[in-house]
Amino acid sequence: MFCQQTTMDAWGISSSRGLLTYCLMPLFFSRWPGVRGQQLEIIQSPESLSVSAGEELTLSCTLSGIGLPGGVKWHRGLDRIQPAIYSQKGESSPRVTRVVPGSLNDFSITIKNVRPEDAGTYYCVKYRQRSGSPETEETAGKGTVVSVIATPSQPSIQGPTSRVESGASVTFNCTSDRFSPRDIAVTWWKDGRPIQPLQTTVLPEGESISYQVLSTVEVQLTKEDVKSQLVCQINHNTLRSPLKQGFRVGDVLRVPPNIRVETIPPPPIQLNDTVTITCSVENFYPNDTTLVWLENNNKSEIGTDEPMTQNWDGTSSLKSSLAVKATEERNLSVFACLVRHNSQPPVNKTATLIIRAQTEGDESADTPGPGEASIFIIVAVVCLLLVVLVVAIIYLVLARHHKGKDPTSVRLHESEKTSGVTNQEPDPNNVTYADLNFEKAPQKSPRQVVEISQQSEYASIQAAKPPANDENVTYADLDMVHLSKAPKRPAPKPEEASSEYASVQVQSK
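Basis of the calculations
- Residues numbered from 1 in each chain as written.
- Predicted model: local features only at pLDDT ≥ 70, side-chain atom pairs only at ≥ 80, totals over all residues.
- Heavy atoms only, no water.
- Helix = DSSP H or I, 4+ residues; strand = E, 2+ residues; numbered from the N terminus.
- Salt bridge = Lys/Arg side-chain N within 4 Å of Asp/Glu carboxyl O.
- Buried < 20%, exposed > 50% of the residue type's maximum accessible area, 1.4 Å probe, protein only.
- Disulfide = S-S within 2.5 Å.
- Pairing = 2+ DSSP bridges.
- Core = buried A, V, L, I, M, F, W, Y, C linked by side-chain atoms within 4.5 Å.
- Contact = heavy atoms within 4.5 Å.
- Patch = residues over 30% accessible without salt bridge, like charges linked within 9 Å, V, L, I, M, F, W, Y side chains within 5 Å.
- Areas by Shrake-Rupley, 256 points an atom, 1.4 Å probe, with all protein chains shown as cover.
- pLDDT = per-residue confidence, 0-100.
- Phe/Tyr/Trp six-rings, centres within 6.5 Å; stacked < 30°, edge-to-face > 60°.
- Lys NZ or Arg CZ within 6 Å of the ring centre and 35° of its normal.

The next point concerns unusual backbone geometry. Residue Pro265 follows Ile264 across a cis peptide bond; omega there is -5 degrees. Tracing the chain through its elements places Pro265 in the loop between β21 (258-264) and β22 (269-270). Between Pro267 and the following residue, Pro268, the backbone shows a cis peptide bond with an omega angle of 0 degrees. As for its position among the elements, Pro268 is in the loop between β21 and β22. Positive phi, close to 60 degrees, is recorded for Arg178, a residue that is not glycine.

Tallying each qualifying case throughout the model produces 13 salt bridges. Across the pair Lys190 and Asp191 runs a salt bridge whose closest N-O atoms are separated by 3.9 Å. The class for Lys190 is buried, based on a relative accessible area of 12%. Its salt-bridge partner being Asp251, residue Arg248 comes within 3.2 Å of it at the nearest N-O pair. We classify Arg248 as partly exposed; its relative accessible area is 36%. One connected set of salt bridges, linked through shared partners, spans Lys190, Asp191 and Asp225.

Turning to the state of the cysteines, a few remarks are in order. Throughout the structure, instances matching the rule amount to three disulfides. Note that Cys61 is cross-linked by a disulfide to Cys124, the S-S spacing being 1.9 Å. Between Cys61 and Cys124 the disulfide shows an S-S torsion of about -65 degrees. By sign, it is left-handed. Residue Cys61 is located in strand β3 (residues 57-64), and its partner Cys124 is located in strand β8 (residues 120-128); the two are separated by 63 residues in the primary sequence. Taken as a pair, Cys61 and Cys124 share a single burial class, namely buried.

The subject of this paragraph is the environment of Ile302. Along the chain, Ile302 turns up in the loop between β25 (298-299) and β26 (304-305). Residue Ile302 is classed as exposed on the basis of its relative accessible area, which comes to 78%. Taking the C-alpha atoms as reference points, Ile302 and Val292, 10 residues apart in sequence, are found 7.6 Å from one another.

Moving on, we come to the sheet that holds strand β30 (residues 347-353). On the basis of which strands lie adjacent, the open sheet formed by four strands has the order β25-β24-β29-β30 and antiparallel pairing. What marks the edges here is a single partner per strand, and that holds for β25 and β30. Across seven bridges, the pairing between strand β24 (residues 289-295) and strand β29 (residues 333-341) is antiparallel. Directly across from Thr289, in β29, lies its bridge partner His341.

A few words now on the nonpolar core. In summary, soluble globular proteins display a tendency toward joint burial of nonpolar side chains. Core analysis: the largest hydrophobic core is formed by 26 residues, its most contacted members being Ile157, Phe172, Trp188, Val213, Leu221 and Leu230. Broken down by secondary-structure element, the contributors of at least two residues to this core are β13 (169-179), β14 (185-190), β17 (211-220), β18 (229-235) and β19 (243-248). If near-sequence neighbours (up to four positions away) are discounted, Phe172 is found in contact with Ile157, Gln158, Gly159, Pro160, Trp188, Ser215, Thr216, Val217, Val219, Leu230, Phe247 and Val252. Of all hydrophobic cores here, the second largest spans 22 residues; its members include Cys61, Val72, Ile85 and Val114.

This part covers the pairing of β17. By the bridge criterion, 10 bridges tie β13 to β17 in an arrangement that is antiparallel. Within β17, the residue paired with Ser176 across the bridge is Val213. For strand β16 (residues 199-203) and β17, the ladder comprises five bridges, and the chain directions are antiparallel. Within the sheet, the bridge partner assigned to Thr200 lies in β17 and is Ser215.

Together, Ile378, Val382, Leu386, Leu389, Ile393 and Val397 make up an exposed nonpolar region whose accessible area comes to about 550 Å². In this fold, Leu389 is placed in helix α3 (residues 370-404).

In regular strands, side chains alternate between the two faces of the sheet. Among the five residues of strand β4 (residues 72-76), four are classified as buried, and the element is accordingly described as predominantly covered. Bridging between β4 and β8 involves five bridges; their strand directions are antiparallel. In the sheet register, Val72 faces β8, and the bridge partner there is Lys126. Pairing geometry for β4 and strand β5 (residues 86-87), over two bridges, is antiparallel. Following the sheet pairing, Lys73 is matched in β5 by Ser87.

Our focus in this paragraph is the side chain of Ser300. With respect to the helices, strands and loops of the structure, Ser300 is situated in the loop between β25 and β26. With a relative accessible area of 13%, Ser300 lands in the buried category. Not counting the four nearest positions on each side in its chain, Ser300 is found in contact with Trp293, Leu294, Glu295 and Leu322.

Turning our eyes to something else, we now look at the confidence of the model for the protein. Of the residues in the protein, 68% have a pLDDT of 70 or more, and the chain-wide mean is 77. Below a pLDDT of 50 lies the segment residues 1-37, which in the model reaches 20 contacts outside its immediate sequence neighbourhood of four places, other chains included. A low-confidence stretch, residues 466-486 (pLDDT under 50), is modelled with 56 contacts involving residues beyond four sequence positions or located in other chains.

On inspection of all chains with the given rule, the structure shows two aromatic pairs. Geometry around Tyr127 places Lys73 over its ring, the cationic atom sitting 5.1 Å from the centre. A cation over a ring is seen here: Arg80 above Tyr123, with NZ or CZ 5.5 Å from the ring centre.

Right under this line is the structure:
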C-alpha cells in the first residue's frame, strides 16, 4: 500500500504494471554493476572568481549520480525565497543562458553584462517535485563566490542651490558610486591648485558588493571667482586614468554692484541750465540687472542707457544718464537711481538738485571756471617772478655801484640846495645840516664867516692826516639831507647867505 501510494503521488500511475515497475526499480539499480549505492552530487567549480563589470560571467554546475524527479535552479545567496536567476522549469533572468542547452547533467550558465550588484555567492540547487506538493530542495552545490571589479561612476559635484554673495564660505560635495573594491582616492583642485577636502567617506562601512564615496570641500568665494573652476578627481585601481569632473564657481556666485550717482555740472546749478545726472552701476555678476530713475520717489522719465560692458574679470558694468532742466520747481529735488540685481531687493543711490538763481551784482555769476582760475594763477605767478627779477636787478646794480666807489672819495650832492640867485622865498624853519666827526682835530680849521641866510646847511667829514704829496687831492661830493620842517623858532643870527665846509681825509703814503 505504501509503495502504491508513493508511486501514484510521484508519477500518477495507478496500473499494477506501473506499480510493479516502480517498486522493483531500487532492486534493479542495486544489481546493476557500478550504479549500486551511487547518489546525486552537484559539482561547482571554481570556488571563487572575479570579473570586471560589463564582462560575461560563466558559472559551472555538473550533476553526478541519480536524483529524484525535479528541476535545477541557480540562486544568489542562501535565501531560496528570492526568485532564482535561472530555473530549468520556470522563468529566468534575460541576461542568463545555458552553456549546453538541453543537457541532463550540465547546468552551467553564463551571465552577460555583469554589474556590481551581481557580486555574491551562487549556488546550483537540485529540487524534487511530488505531485500536489511544493518542490523542495534535494541537494545543492558548495557555491561559487563571485566578486565584481567595478570602476567608479563619473563623479558628480553639488554646490549651493542658490547663488551666494562673494565673501561667503560655500560647501561643495563630490560623489561617485558602484565601484569595487573599496579603496579609492579623491582630490580637489581650484584653478589648477590643490585644496584639502574637509572629509572623505566611503559607504557602507562593512563588506559590500559595491561602494559609494562622498567628499566635501569648503571654498571662500571672492569676486575674482567668476571665472574660477573647481575640479573633483577620483583615482581607483580599476581605472586606466583618473576620472575628473569640473564645476564653474560662477554658477553659484553673485557679486553685487557698486553704484555711483553724480551730476554734471556739480551743484549748485544755475537756474534754467540743463544738468545731466549719471548713474554708474559697476562690477556686478551675473548681468541680469534693471535700472529705474525716481524723482522725489516718483518714477521719472526714462534715462539714456549705454550698452552693458564686460570687464576683464567676468563682471559687467552699466551706465545710465538723465538730462533735466534746472527749474525753480526742481530746486532741492532728489533723484534716485534704483537698481535691482539678480532678483535681489533693490538698492539705490541719490543726488539732490540744488539750484541757485542768478541776481544782478551776483559775483558768483562771474566766478571763473576751473580753466580761467588756472590762467589767473599762472599770470599771478609770472608777475611775481618778474617783480622778484626786477628787485634782484636793482640790488645787483646798487651793489655794483657801491663796489665801484673809491673809499677815499665821496660825493656830496645837494639835493635841495637852492641857488643864491633864486627868487624863491626862503623858509626859516627849513634847515639842512650834517655832523662832522674828526678823528683828529685839524690844527687850522679854515672857516668862513658869512651871514646866515634863512636856509643853512652844514656837513662834517672825518679826515685823516693828509699825504705829503700835494698833488694827491681827495674830494668829496656830499649828498645833503633835507630835514623835514620843525616848529617855528626864532631866526638864527645872520651869517653869510650860504656856507659849507668840509674836512677831507687824506691818507698818507
